Protein chains: 2
Amino acid sequence: MRHCIGVDMGGTTIKFGIFSEEGKLLGKSEIPTRWQQGKDTVLQEIAAEVRRLAIQFSLSLPQCGIGFGIPGPVNEKGYAGALVNLNMYDFFPGCELSALLDGIPVAAANDANIAALGEMWQGGGKGYQSLLFVALGTGVGGGVVLDGKILPGARGLAGEIGHIWVNPEEPELCSCGGRGCLNQIASATGIVLNAKRFLEKSSEPSSLSKIAELTAKDVLDAAKAGDAVAVQTVDYCMGFLGKMIADVSYVIDPQAVVIGGGLSKAGQYLLDVIFDHYRRYPKLQKELCDFRLAHLGGDAGIYGAAKMALDLMTP
Amino acid sequence: MRHCIGVDMGGTTIKFGIFSEEGKLLGKSEIPTRWQQGKDTVLQEIAAEVRRLAIQFSLSLPQCGIGFGIPGPVNEKGYAGALVNLNMYDFFPGCELSALLDGIPVAAANDANIAALGEMWQGGGKGYQSLLFVALGTGVGGGVVLDGKILPGARGLAGEIGHIWVNPEEPELCSCGGRGCLNQIASATGIVLNAKRFLEKSSEPSSLSKIAELTAKDVLDAAKAGDAVAVQTVDYCMGFLGKMIADVSYVIDPQAVVIGGGLSKAGQYLLDVIFDHYRRYPKLQKELCDFRLAHLGGDAGIYGAAKMALDLMTP
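Remember, it's a predicted structure, so these values are computed and weren't measured experimentally.

### Quick word on the overall build of chain A
No. 1: Along the backbone of chain A there are 8 helices and 12 strands.
No. 2: Against the 2.2 N^0.38 benchmark of 20 Å for 315 residues, chain A shows a C-alpha radius of gyration of 20 Å, consistent with a compact globule.
No. 3: Referenced to the eigenvectors of the C-alpha coordinate spread, the extents of chain A come out at roughly 65 × 45 × 35 Å.
No. 4: Relative to its 315 residues, chain A shows a buried fraction of 54%.
No. 5: Across chain A, the fraction of contacts at a sequence separation of at least 24, relative to all contacts at a separation of at least 6, is 64%.

Here it is as structure tokens:
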């Protein structure tokens, strides 16, 4: 029986998951991302942890496939131009890791894309073959799965919906250099920022005005409890997301939309707000997209990386 | 040697093209679309014309693959729910045509999608494996090709970019029931409508004001000649298209964008206007999408249908 190991490299930690072919998570581990030591050291530490896991689970390396998620674009040839947060540039992560692991196959992809695939395989998107995954966290990320496979895109930017410009009225610049990106509005950061703006303009009393260090969770909780300013904020911010999902649905026409990331802990309430906006737009879709919450949380990446490895092993 | 026949069914005529495996167009024909006689008659007439072509080119049917483009959505299972302009509903066009042709393989797809594939195979998109095709005609159509294949979408609506809502200020309704669809702005209809609006508002003299029955070609010609109102109109209308292409480029990240349809006869001038808008937005794309003009004109559909047939024959 073959196994696959999913590796999900973030800015702080690198997560590992060992899976059976059927998608059962057999074990997990993590190591710190010592990116300050340079790319080569990090890749060597990843390889060492993979070897340790293989020994721990009594596997020989040639029985394993590896999937490798990294926080930046990976193009359709497996090339990563820039992982700015990790100070790593201009390399082929899959090839380099494979070379440190006796040449066993390693497939690399962007972290939001592997999360999308993970949710399709064993999470909220289970049973679908095509989906748009939206990760609502500090920023807005996304991934596209078509015909059961990640769409990487020519430059590795497919699914980068967070940087679509949706609000020409946004006064602040986005980290990308754009203005009014979805990232600035439908994220935790965007919810807090817009709640403060609505609080300033509003004459209504709001439970939010008593909170010193406002978080997106505070706003979502208050919205669920019916606080008018919070409801207005969530509706405003998620309105841009719902419209954007409608636009995307005309481009790739997916079976489903899966909403993940930290904000998705707000659950069905948030999903309903987004869906209510989405459904106003795509008039040609007699059958609308199914909307689902992500299930795998922070493990989506190791699941998706493992699935990618499995697809690599299965010709 | 095998051959493939591309069939492109429009509202008025049905076009046929017979191709070699290498993509050489060996012959063409067309018959009227007698949709008033009902779907079965039309399909029988298509089958008869295919048989006639096979005899004319000394082919036996089992040597031929057929691709069939139809004016409406075809989902990933080959099902067509509604061809409203032809009054045909709820059928599997590929299966039904195949049954009239001794069971030889017939692949069906939406007409804009096969045009996209045709342009990739032998037209402006030659050499690319992924592209967004935009057809600027009476309306705005589109198709997505990824990894050398049409993306049909779960409901057959992938690439239906004409019905993305781009202009909340548009007072008129679109045929889809939406408001401010790209279709209403970046089409020939949209250019004429907006030229009239700008003419009314403008105090500047314009060569357009002397034209009784204004056409999009008049506006584009005047814009090329430097007429201020015409330039303003083209810039306004194509601004929405350029922005939308930027959005799409973050979703599917294609290698290239191919602009076709009747308006594309305005050539490099139009392409440059669209590109100039597009390039303002996708800040993460260090390498922008290549922009190309379509080459195949009204034959794009038969080319793409033939390519689809070829892919069906080549396992």
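### Some points on the confidence of the model for chain A
Residues shown with low pLDDT carry predicted positions that ought not to be read at fine detail.
No. 1: Residues with a pLDDT of 70 or more make up 99% of chain A, whose mean pLDDT is 95.
No. 2: Scored as a whole, the predicted complex attains pTM 0.95, and scored at its interfaces, ipTM 0.94.

### Comments concerning the packing of helix 6 (residues 228-252) of chain A against helix 7 (residues 268-278) of chain A
Residue and element names in this part refer to chain A.
No. 1: As a packed pair, helix 6 and helix 7 sit with axes 7 Å apart at the nearest point and diverge in direction by 55 degrees. Comparing the axis directions of helix 6 and helix 7 gives the class oblique. Here the hand of the crossing between helix 6 and helix 7 comes out right-handed. Of helix 7, the residues touching helix 6 (which contributes Val234, Asp235, Met238, Gly239, Leu241, Gly242, Lys243, Ile245 and Ala246) are Val273, Ile274, Asp276, His277 and Tyr278.
No. 2: Its residues assigned to classes, the contact of helix 6 with helix 7 comprises 8 nonpolar, 3 polar and 3 charged.

### Considering the interface of chain A and chain B
No. 1: With 31 residues of chain A in contact, the opposing surface of chain B contributes 31 residues.
No. 2: At the level of elements, strand 9 (140-146) and helix 6 of chain A are the ones that each hand at least two residues to the side of chain A that touches chain B.
No. 3: It is helix 6 of chain A that provides the largest number of residues to the side of chain A that touches chain B, a total of 5 residues.
No. 4: Of the residues that constitute the side of chain A that touches chain B, the class distribution is 17 nonpolar, 8 polar and 6 charged.

### Here we look at unusual backbone geometry
Residue and element names in this part refer to chain B.
No. 1: Here serine 58, not a glycine, exhibits a phi torsion of approximately 55 degrees, which is positive.
No. 2: Positionally, serine 58 belongs in the loop between helix 1 (39-56) and strand 4 (64-70).
No. 3: Although it is not a glycine, aspartate 253 sits at a positive phi angle of roughly 45 degrees.
No. 4: Following the sequence through the fold, aspartate 253 ends up in the loop between helix 6 (228-252) and strand 11 (256-260).
No. 5: Residue aspartate 253 is classed as buried on the basis of its C-beta count, with 28 C-beta atoms lying within 10 Å.

### What about the relation of the copies chain A and chain B?
No. 1: Rotating chain A by 180 degrees and translating it 0.0 Å along the rotation axis places it on chain B, where the RMSD comes to 0.0 Å. Overall, the copies show the geometry of a two-fold rotation axis.
No. 2: Mapped onto chain B, 100% of the interface residues of chain A are again interface residues, and the two copies thus contact each other with one and the same surface.

### Some remarks on the sheet that holds strand 2 (residues 13-20) of chain A
All names here are of chain A.
No. 1: In space, the 5 strands of this open sheet follow the order 3-2-1-4-7, with mixed pairing throughout. Where the open sheet ends on each side, the last strands, each with one partner, are strand 3 (25-32) and strand 7 (106-110). Strand-to-strand, the axes of this sheet are offset by a mean angle of 15 degrees, without reference to chain direction.
No. 2: Strand direction decides the pairing type here: strand 4 (residues 64-70) and strand 7, joined by 5 bridges, are parallel. Within the sheet, the bridge partner assigned to isoleucine 66 lies in strand 7 and is valine 106.
No. 3: With respect to the sheet, helix 8 (residues 300-313) is in contact with strand 1 (3-9), strand 2, strand 4 and strand 7, its orientation differing from that of strand 1 by roughly 135 degrees.

### Digging into the domain arrangement of chain A
Residues and elements named next belong to chain A.
No. 1: Assigned domains within chain A: domain 1 (3-120 + 298-313) and domain 2 (128-295).
No. 2: Here domain 1 and domain 2 have C-alpha centroids that lie 28 Å from each other.
No. 3: Counting residues at the interface gives 16 residues for domain 1 and 22 residues for domain 2.
No. 4: At the level of elements, strand 7, helix 3 (111-122) and helix 8 are the ones that each hand at least two residues to the side of domain 1 that touches domain 2.

Parameters at a glance
- Residues numbered from 1 in each chain as written.
- Chains lettered and ligands numbered in written order.
- Predicted model: local features only at pLDDT ≥ 70, side-chain atom pairs only at ≥ 80, totals over all residues.
- Helix = DSSP H or I, 4+ residues; strand = E, 2+ residues; numbered from the N terminus.
- Rg over C-alpha atoms; globule rule 2.2 N^0.38 Å.
- Buried ≥ 20, exposed ≤ 12 C-beta atoms within 10 Å, placed from the backbone.
- Contact = placed C-beta atoms within 7 Å.
- pLDDT = per-residue confidence, 0-100.
- Axes fitted to C-alpha atoms, helices over the stretch in contact; angles between N-to-C directions.
- Parallel < 35°, antiparallel > 145°, perpendicular 65-115°, else oblique.
- Left-handed = near helix turned anticlockwise from the far one by under 90°.
- Nonpolar A, V, L, I, M, F, W, Y, C, P; charged D, E, K, R; others polar.
- Least-squares fit on C-alpha atoms with pLDDT ≥ 70 in both.
- Pairing = 2+ DSSP bridges.
- Domains from an automatic or database assignment.

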